[in-house]
Each structure stands twice: as structure tokens, then as C-alpha cells.
Amino acid sequence: MIRFFILAITSYLGFKLVQKVASRFFSQKIPCPQTKPEVESEELVQDPVCKVFVPRRNALKAQKNGEDFFFCSEGCRKKFLR
Ligand SMILES: [Zn+2]
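Criteria and cut-off values
- Residues numbered from 1 in each chain as written.
- Predicted model: local features only at pLDDT ≥ 70, side-chain atom pairs only at ≥ 80, totals over all residues.
- Heavy atoms only, no water.
- Helix = DSSP H or I, 4+ residues; strand = E, 2+ residues; numbered from the N terminus.
- Buried < 20%, exposed > 50% of the residue type's maximum accessible area, 1.4 Å probe, protein only.
- Contact = heavy atoms within 4.5 Å.
- Areas by Shrake-Rupley, 256 points an atom, 1.4 Å probe, with all protein chains shown as cover.
- Core = buried A, V, L, I, M, F, W, Y, C linked by side-chain atoms within 4.5 Å.
- Donors = N, O, S within 2.8 Å, 3.2 Å for Na, K, Ca; no water.
- Tetrahedral: all angles 85-135°; square planar, octahedral: opposite > 155°, others 65-115°.

(A) The overall build of the chain, seen in detail. Looking only at helices and strands, the chain features two helices and four strands. Each helix and strand of the chain, ordered N terminal to C terminal, gives the series α-β-β-β-β-α. Counting only residues that meet the buried cut, the chain has 12% of its 82 residues in that class. Put simply, 17% of the contacts in the chain that link residues at least 6 apart link residues at least 24 apart. Of the roughly 7,400 Å² of accessible surface on the chain, 62% is carried by carbon and sulfur atoms.

(B) Examining the nonpolar core more closely. Counting five residues, the largest nonpolar core is built from Ala 62, Phe 69, Phe 71, Cys 76 and Phe 80. Residue assignment for this core shows that the elements contributing at least two residues are strand E4 (67-71) and helix H2 (74-81). Not counting residues within four places of it along the chain, the set of residues in contact with Phe 80 comprises Pro 48, Val 49, Lys 64, Phe 69 and Phe 71.

(C) Region of interest: the coordination of the zinc ion. Listed as protein donors to the zinc ion are Asp 47 (OD), Cys 50 (SG), Cys 72 (SG) and Cys 76 (SG); their distances from the metal cover 2.0 to 2.2 Å. Coordination at the zinc ion comes from four donor atoms whose angles at the metal span 97 to 121°, giving a geometry best classed as tetrahedral. Mapping the donors of the zinc ion onto the primary sequence gives the spacing D-x2-C-x21-C-x3-C. With Asp 47 in the loop between strand E1 (44-46) and strand E2 (53-55) and Cys 72 in the loop between E4 and H2, this pair connects stretches of sequence that are 25 residues apart. Among the residues examined, Asp 47 registers a relative accessible area of 0% and is labelled buried. Take Cys 72: its relative accessible area is 34%, and that puts it in the partly exposed class.

Any functional reading would require information beyond the geometric quantities listed.
What follows is the structure, encoded as C-alpha cells:
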């Protein structure tokens, strides 16, 4: 009877250990979506001419009165600077 009891505890602890290792393994496998390095470059800026939002890295930049403005196209930029 004691033998069976010990066997039950051992298998229970063994199962727990496997579960712990498995969960650690899986949590390492799945990459955390919070730590994306591209968040900064995906920032949207508004074109003051046509009011369209464009990603900052794709936008055309112009300066007026020491301020930075971003545009969807060269046409909008020219219209703004005119
Ligand atoms: Zn535009």
C-alpha cells in the first residue's frame, strides 16, 4: 500500500515537472508581440494639405517657420510651400 502511495506521489511530481518544463518551453517559443522594434517607424503623420495620414518614413518632409511638416506627395508639398 505504501509502495503504491509513493508511486502515486512520484508520478504526480513527475507530471508537474513535465508541465512546468513544457509551459516554459512554449512561452519561449511564442515571441512577445509587445516588443516590436518597428513601432517608431510606423508612426503616422498628417498631411496638412489633403489631411491624409501617412507613415512618417514614407512621408515627404518640408520645413516652414522652423516647423516640420509631412506630406503624402510632392504635389501636396509644393502646394503647401507655395
Ligand atoms: Zn497630400
